[in-house]
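What the coordinates show
The lines below spell out each chain.
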Amino acid sequence: MRVASELRFRWMKDVALPVLLKARERRPLARPRGESPLGPPLESTRRLRGLMTRHYALARYAEGARPVAWVTSGAPVELLRAFGCYTVYPENHAALCGARRMGPEICARAETAGFSRDLCSYARIDLGHALSGLTPAGRLPRPDVLFCTNNICQTILYWFKELSHSEGIPLVMLDTPFIASGEGTPEVFDYVAGQIKDAVPALEHITGREFREERFREVLSSSMRASALWGEVLATMRHRPAPMTVFDAFVHLAPVVSLRGLPSCERYYEGLLAELRQRVSQGVAAVPGERHRLMWDNIAIWFALAPLSRLFAEHHCAGVAGTYPNAWAETTHYLDLADPFGSLAKTYTLIFLNRGLNYRLGLMETMGRDYQVDGLVLHSARSCKPYSVGQYDLRQALAQRLGIKSVVLEGDMTDFRTWSEEQAKTRLTAFFESLDG
Amino acid sequence: MGRTTYLLGQKAAGRKVAAVWPARYPAEILWAHGVCPAEVWDPPAGQALAGAHLQSYVCGVVRQGLEFLLSGGLAVADFLLFPHTCDSIQNLGSLVRDLVHEPRPCLFFYLPRSREGQRATEFLEAQLRRLSAELTPLAGPLRDGALEEALALGGGRASALRRMYDLRARGDLDATNEEFYGAVRTCEYLWPEDAVLHLEAFMAAHAGRRGRGVPLVLSGVTPAPSDLAARLDALGAALVEDDLLACGRRFLKTSSAESGAPWTAMAERLLALPPCCTTGDGVEDRTAFLAERVERSGARGVVFLALKFCEPELFQIPSLARAMRARGIPVLIVETELGSTTPAGMMTRVEAFLESLP
Ligand code: SF4
Ligand code: SF4
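Attention in this report is confined to the structure presented alongside it. (Residues numbered from 1 in each chain as written. Chains lettered and ligands numbered in written order. Predicted model: local features only at pLDDT ≥ 70, side-chain atom pairs only at ≥ 80, totals over all residues. Heavy atoms only, no water.)

Re the overall build of chain B
- Within chain B, the regular secondary structure consists of 14 helices and eight strands.
- Referenced to the eigenvectors of the C-alpha coordinate spread, the extents of chain B come out at roughly 60 × 50 × 40 Å.
- With 358 residues in all, chain B has 63% of them scored as buried.
- Looking at chain B alone, contacts between residues at least 24 apart form 74% of all its contacts between residues at least 6 apart.
- Roughly 12600 Å² of accessible area belongs to chain B as shown, and the carbon and sulfur atoms make up 54% of that amount. (Helix = DSSP H or I, 4+ residues; strand = E, 2+ residues; numbered from the N terminus. Buried < 20%, exposed > 50% of the residue type's maximum accessible area, 1.4 Å probe, protein only. Contact = heavy atoms within 4.5 Å. Areas by Shrake-Rupley, 256 points an atom, 1.4 Å probe, with all protein chains shown as cover.)

Laid out in C-alpha cells, this is it:
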C-alpha cells in the first residue's frame with residue numbers, strides 16, 4: 001500500500017503535474033477589465049500560481065506516501081521538514097477560501113455544529129471544512145499529526161485541540177510564553193527549546209521516521225535563505241515608486257508561509273526578487289503616479305483584495321508596507337546553525353504577535369520611517385483579537401510619532417457577512433482625499 | 001462591608017493591594033509579600049470610556065475591567081497584575097501599560113499551556129520566582145517562612161471552599177444560589193484568613209437541608225449577568241455544582257500531592273487546578289471533570305453560559321455539550337453577556353429547559 005502511494009505520489013510530482021502546470025503557466029495573466037489604475041502585473045504571479053497549485057494538488061497524493069502534518073503559520077516547520085512531512089497550513093487554506101469568497105459558506109458548516117460566529121473565521125473555516133469537506137482546493141489530505149505553536153494567538157491552541165479531539169489526530173504543541181516586555185529571558189527560551197527537543201521523539205513515533213540532524217540543518221539553512229529573500233522582496237517597496245504593493249505581498253507571501261525550508265520556496269523568491277529589482281531599475285511603478293505611501297496593519301481582507309488594491313491605485317495610493325507580510329522576515333536573523341534548537345526557540349518566540357504592544361509600536365514606527373509612509377490603514381479584524389485589540393491606541397501613538405493620518409476598516413479576513421463594501425469605500429475615499437490635504 | 005472599604009482597611013493595616021485580572025494566578029505569592037489581591041472579573045461599570053480603546057467584539061470581562069480602571073474604580077490598587085489567560089487579556093495588559101500609560105506598575109504572569117512533564121513545573125517555578133522578584137520592590141522582600149505560611153493560607157481557603165461545595169452538592173447547605181455565590185465570590189478580594197472566617201460563618205449560618213429545587217450544574221466564566229443567580233432561585237433551579245472559570249474551576253484543586261519545597265509546591269498547586277480551556281486542557285479532561293460534578297451532585301442538567309466573544313469557552317462548548325448529551329445528561333447552551341439584568345429571552349429558555357428535564 002505504502003509503495004503504491006509512494007509511486008503514485010512520485011508520478012504526480014515528477015511527471016503529471018509538471019506537464020499540466022507547464023501548460024497552465026503559459027496562460028496569460030488575468031488583467032483587470034477596462035482601464036486599470038494599476039501598473040503591469042508581476043510576471044512571477046504565473047510561477048506562484050503554478051507553485052501553489054502544485055502544492056495543493058500534490059497534497060492529495062501525499063496521504064500514505066508521506067507523513068502529512070497540518071501546521072500553524074507560526075510553527076517551526078523546519079522540524080517537520082526534517083522528517084519529510086508534507087505540510088498543509090489550515091490558515092493558508094482558510095485565506096484561499098476567503099479569496100475565493102467561500103468563507104461564509106464554510107463557516108456556516110461550523111456554526112451549524114455549534115461553533116459561535118464570534119470565533120476566528122480561519123478556525124471556523126477549518127472546522128467547517130473538517131465537517132463538510134468543502135474546499136476550493138479539491139481535497140486536503142488527512143493529517144497524521146497536528147503541529148501547533150501559540151506564538152500567534154491562543155485561539156490556535158483551542159482550535160487545534162478541538163480538531164485533534166474531534167478528528168482523533170495526535171497534536172504536538174509548542175508553548176511559547178508571551179513576551180510582555182524586553183527581549184525574553186533564558187528561562188523562556190530554555191522552556192521552548194526543551195519542548196522542540198521533546199517534539200523530536202514524539203514526531204519519530206508518529207511519522208515512523210528517524211530524526212537526522214544533518215537534514216534538519218539543511219532545512220534550517222534553506223528556511224533562513226527563504227526568509228531573508230522574502231525580507232529583500234519586501235524591502236524593494238522602500239523604493240519610490242514601489243515596484244509592488246502590500247496587496248501583491250499578501251499574495252506572494254504564500255510560499256514563505258507554506259513552503260519555507262524547501263528549495264522551491266527559495267527559487268521562487270530569487271525569481272521574484274530579480275523581477276522586482278528589474279522593475280526598480282526601470283522605474284516601473286506598481287501604482288502609476290504614486291502619490292501617497294501607506295502602511296497596512298493586520299491580516300488581509302482576502303475577499304476584497306482586488307477591489308481594495310484598485311481603489312488604492314485609483315487614488316494614487318500605494319500600500320508599501322505591512323506588518324503581516326513582514327512577520328515572515330522579522331525574526332529569522334535569530335536562526336543559528338550552531339544552536340538549532342535554541343535559535344529556533346528565539347526565532348519563533350520573538351515574533352511581534354507574541355510581544356507587548358510597545359514592541360509593535362516601535363516596529364511600526366521603524367517601518368513607517370523606512371518605507372516613508374504618509375498614511376496608515378488599520379484593518380480591525382473581528383476574528384483576530386491578538387492582532388486587533390490595541391489598534392485604536394496604536395493609531396493615536398503613530399499619529400503622534402510619525403505625524404501620519406490613519407483610517408480604521410472594521411472587517412474580517414474571510415467572513416464578509418460583517419463587511420460593507422460601500423462603507424469601506426466611503427471611508428477610504430474620504431481618507432485618501434484627506435491625504436491630498 | 002463593601003469591597004473598596006475592605007481593601008482600604010487592608011492598606012491601613014500595612015498591606016498593599018493588587019488589582020488582578022482573571023483567571024488563574026499564584027495568590028500565594030502575593031500573600032507571601034503581604035499583598036491583598038482584588039480580582040477584576042465583572043465590576044459594575046458603564047460603557048463610556050473603554051469604547052475609545054477597544055473594539056465592540058471584545059468580551060465583557062476585558063471591556064468592563066478597562067472601563068472600571070479608567071473611571072477610577074481601581075484607585076485603591078497599588079499595582080496591577082495581568083495573568084496571561086487569553087489573547088484579549090494579553091493585549092489588555094499591554095494596552096494599559098504601554099499605550100494608556102497607566103502610571104502604576106503592571107505585572108504579567110504566564111501559566112504554561114501544558115501540565116505534562118517536569119518542564120512545565122520547572123518553567124512555572126521560574127515564573128513564580130520572577131514574579132516574586134518583581135513584587136519585592138513594590139511590596140517588600142519575602143520574610144523567612146512567608147511562602148510556607150502563604151501555602152497554608154491557600155490550603156485553608158481551598159479546603160473551606162471545598163467543604164462548602166461538598167455541602168451544597170450533598171444538599172446539606174440551606175442557601176440560595178444568590179447567597180452561595182455571594183459568599184464564594186468574596187474570595188476575590190478578602191485576605192485568605194478573613195475569607196475562611198467568612199466561609200465558615202456562612203456554612204454555620206446556612207446549615208441544614210436545601211429546599212426543593214431542580215438541581216443543575218452551571219458552566220461558564222462568571223454567573224453572569226449579575227442577577228442570574230437570583231433569577232434562577234426564582235425559577236426554582238438549585239445550582240448544586242459549577243464549572244465556572246471564576247469559581248469552581250479555579251478554587252478547587254484536584255490533587256493533594258504537593259512537594260515539600262514551597263516554590264515547587266506552589267507550581268504544583270497551580271498545575272493541579274481543575275481542567276480549563278484557558279490553560280490548554282483538552283475537552284476530554286473537562287468532560288470528565290464536569291461529568292463527575294454532575295454525578296456526585298445528582299444534577300439533572302448542565303447549563304452552559306456562553307459568554308459573548310470569549311474564545312476559550314466558545315471553542316469548547318460544542319464538544320462539551322455533545323459529550324454531556326452522549327452521557328445522557330441534558331444540556332442547555334445560552335449566550336450571555338456581563339451586565340446587571342438577565343434578558344427575558346434567556347430566562348424563558350432556562351424555564352423551558354427546567355420543564356423539559358426528566
Ligand atoms: S486570525 Fe488571529 S486569532 Fe485567528 S488564527 Fe490567526 S492569529 Fe489566531
Ligand atoms: S475572553 Fe474569556 S477568558 Fe478571556 S478575558 Fe474574556 S471572558 Fe475571560
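Moving on from the model shown.
Some points on the interface of chain A and chain B
- Listed per partner, the contact involves 53 residues of chain A and 46 residues of chain B.
- Roughly 4200 Å² of surface becomes buried between chain A and chain B when both sides are summed, with 59% attributable to carbon and sulfur atoms.
- Between chain A and chain B we count three salt bridges in total.
- At the junction of chain A and chain B, the tally comes to 26 residue pairs in polar contact (both at pLDDT 80 or more).
- Among the elements of the structure, α6 (121-132), α7 (155-167), α8 (186-207), α16 (357-370), β7 (375-381), α17 (385-388) and α18 (391-402) of chain A are those that each provide at least two residues to the side of chain A that touches chain B. (Buried area = accessible area lost by both parts, 1.4 Å probe. Salt bridge = Lys/Arg side-chain N within 4 Å of Asp/Glu carboxyl O. Polar contact = N/O pair within 3.5 Å; in protein donor to acceptor, adjacent residues only side chain to side chain.)

So, the site of ligand 2
- Residues in contact with ligand 2, as listed here, are C59, V61, V62, T85, C86, I89, L307, F309, C310 and P312 of chain B.
- Here the shell around ligand 2 is composed, by residue class, of nine nonpolar, one polar and no charged. (Near = heavy atom within 4 Å. Nonpolar A, V, L, I, M, F, W, Y, C, P; charged D, E, K, R; others polar.)

Some remarks on the sheet that holds strand β2 (residues 35-39) of chain B
All names here are of chain B.
- Read from one edge of the open sheet, four strands run β2-β1-β3-β4, paired in parallel fashion. The open sheet has two edge strands, β2 and β4 (106-109), and neither has a second partner. Across the sheet, the mean angle from the axis of one strand to that of its neighbour is 30°, orientation sign disregarded.
- Its contacts with the sheet put helix α1 (residues 3-12) on β1 (16-20) and β2, and the angle it makes with β2 is roughly 165°. (Pairing = 2+ DSSP bridges. Axes fitted to C-alpha atoms, helices over the stretch in contact; angles between N-to-C directions.)

Focus on the pairing of strand β7 (residues 301-307) of chain B
Residues and elements named next belong to chain B.
- Taken across its seven residues, β7 has seven buried, putting it largely inside the fold.
- Because side chains alternate across β7, one face comprises the buried residues G301, V303, L305 and L307, and the other comprises V302, F304 and A306, equally buried.
- Note: strand β5 (residues 214-220) against β7, four bridges, orientation parallel. Residue pairing in the sheet places L216 in a bridge with G301 of β7.
- In terms of strand pairing, β7 meets strand β8 (residues 331-336) through six bridges, oriented parallel. What sits directly across from F304, in β8, is I333.

Description of the packing of aromatic side chains
- Applying the stated criterion across every chain, the model contains 30 aromatic pairs over all chains.
- Measuring from centroid to centroid gives 5.1 Å for Y324 of chain A and W328 of chain A, while their planes differ by 90°, and the two rings are edge-to-face. Of this pair, Y324 of chain A and W328 of chain A are both found in helix α14 (residues 323-330), four residues apart, which corresponds to roughly one turn of the helix.
- Aromatic pair Y6 of chain B and Y189 of chain B: ring centres 5.7 Å apart, planes at 75°, arrangement edge-to-face. Of this pair, Y6 of chain B sits in helix α1 while Y189 of chain B sits in the loop between α7 (177-184) and α8 (192-205), and the two are 183 residues apart along the sequence. Taken individually, Y6 of chain B and Y189 of chain B each receive the classification buried, so the pair is uniform in this respect.
- An aromatic cluster of at least three residues, connected via ring pairs, comprises F247, F250, W296, W302, F312, Y324, W328, F352, Y387, F431 and F432 of chain A. (Phe/Tyr/Trp six-rings, centres within 6.5 Å; stacked < 30°, edge-to-face > 60°.)

Some thoughts on the sheet that holds β5 of chain B
All names here are of chain B.
- Taken together, the four strands give an open sheet; going across it, the order is β6-β5-β7-β8, and neighbouring strands pair in parallel fashion. Looking at strand neighbours, the two that pair on one side only are β6 (237-244) and β8, the edges of this open sheet. Strand after strand, the sheet turns through a mean of 25° between neighbouring axes, direction not considered.
- Relative to β6, β5 runs parallel, the two sharing seven bridges. Residue pairing in the sheet places V214 in a bridge with A237 of β6.

Looking at the packing of helix α2 (residues 44-62) of chain A against helix α12 (residues 263-282) of chain A
Residues and elements named next belong to chain A.
- Across the interface, α2 lies against α12 with an axial gap of 10 Å and an inter-helix angle of 165°. Considering their axes alone, α2 and α12 lie roughly antiparallel with respect to each other. Along this stretch, α2 crosses α12, giving a crossing that reads as left-handed. Residue-level contacts link S44, T45, R47, L48 and L51 of α2 to S264, R267, Y268, G271, L272 and E275 of α12.
- Class assignment for the residues of the contact of α2 with α12 results in four nonpolar, four polar and three charged. (Parallel < 35°, antiparallel > 145°, perpendicular 65-115°, else oblique. Left-handed = near helix turned anticlockwise from the far one by under 90°.)

Thoughts on the nonpolar core
- The biggest cluster of nonpolar side chains holds 294 residues, and the ones touching the most others in it are L79, Y122, W296 and W302 of chain A together with W21 of chain B.
- Contact partners of Y122 of chain A, with chain neighbours within four places excluded, come to E91, A94, A95, W159, I299, W302, Y324, M413 and T414 of chain A. (Core = buried A, V, L, I, M, F, W, Y, C linked by side-chain atoms within 4.5 Å.)

A closer look at the site of ligand 1
- Taken together, C120, I152, C153, T155, I156, W159, I299, S383, C384 and M413 of chain A make up all the residues around ligand 1.
- Across the shell around ligand 1, the residue classes break down as eight nonpolar, two polar and no charged.

Topic: the environment of T186 of chain B
Residue and element names in this part refer to chain B.
- Along the chain, T186 falls in the loop between α7 and α8.
- What makes T186 buried here is its relative accessible area of 9%.
- Counting along the chain gives 183 residues from T186 to R3, while the straight-line C-alpha distance between them is 8.5 Å.

Overview of the packing of α7 of chain B against α8 of chain B
Residues and elements named next belong to chain B.
- Relative to each other, α7 and α8 sit at 160°, their axes nearing to 10 Å. Here α7 is positioned roughly antiparallel relative to α8, judged by the angle of their axes. Note on packing geometry: the crossing formed by α7 with α8 is left-handed. Within the contact between the two elements, α7 uses E179, F180 and A183 and α8 uses H198, L199 and F202.

Here we look at the pattern of salt bridges
- Counted under the stated rule, the structure contains 51 salt bridges over all chains.
- Note that E6 of chain A is salt-bridged to R66 of chain A, the shortest N-O span being 2.8 Å. Taken together, the residues span a long stretch of sequence, with E6 of chain A in helix α1 (residues 2-25) and R66 of chain A in the loop between α2 and β1 (68-71) at a distance of 60 residues.
- A relative accessible area of 16% places R66 of chain A in the buried class.
- Of the charged contacts, one joins E43 of chain A and R46 of chain A as a salt bridge, the two residues approaching to 3.1 Å between their closest N and O atoms.
- One connected set of salt bridges, linked through shared partners, spans D166, E241, E292, R293 and R296 of chain B.

Thoughts on the side chain of T72 of chain A
- Here T72 of chain A is to be found in the loop between β1 and α3 (77-82).
- By relative accessible area, T72 of chain A is classed as buried at 0%.

Examining the side chain of Q316 of chain B
- As for its position among the elements, Q316 of chain B is in helix α13 (residues 311-326).
- Within the local environment of Q316 of chain B, its side chain forms a polar contact with the side chain of R286 of chain B, the two groups lying 2.8 Å apart.

All quantities given are derived from atomic positions and should not be read as evidence of function.
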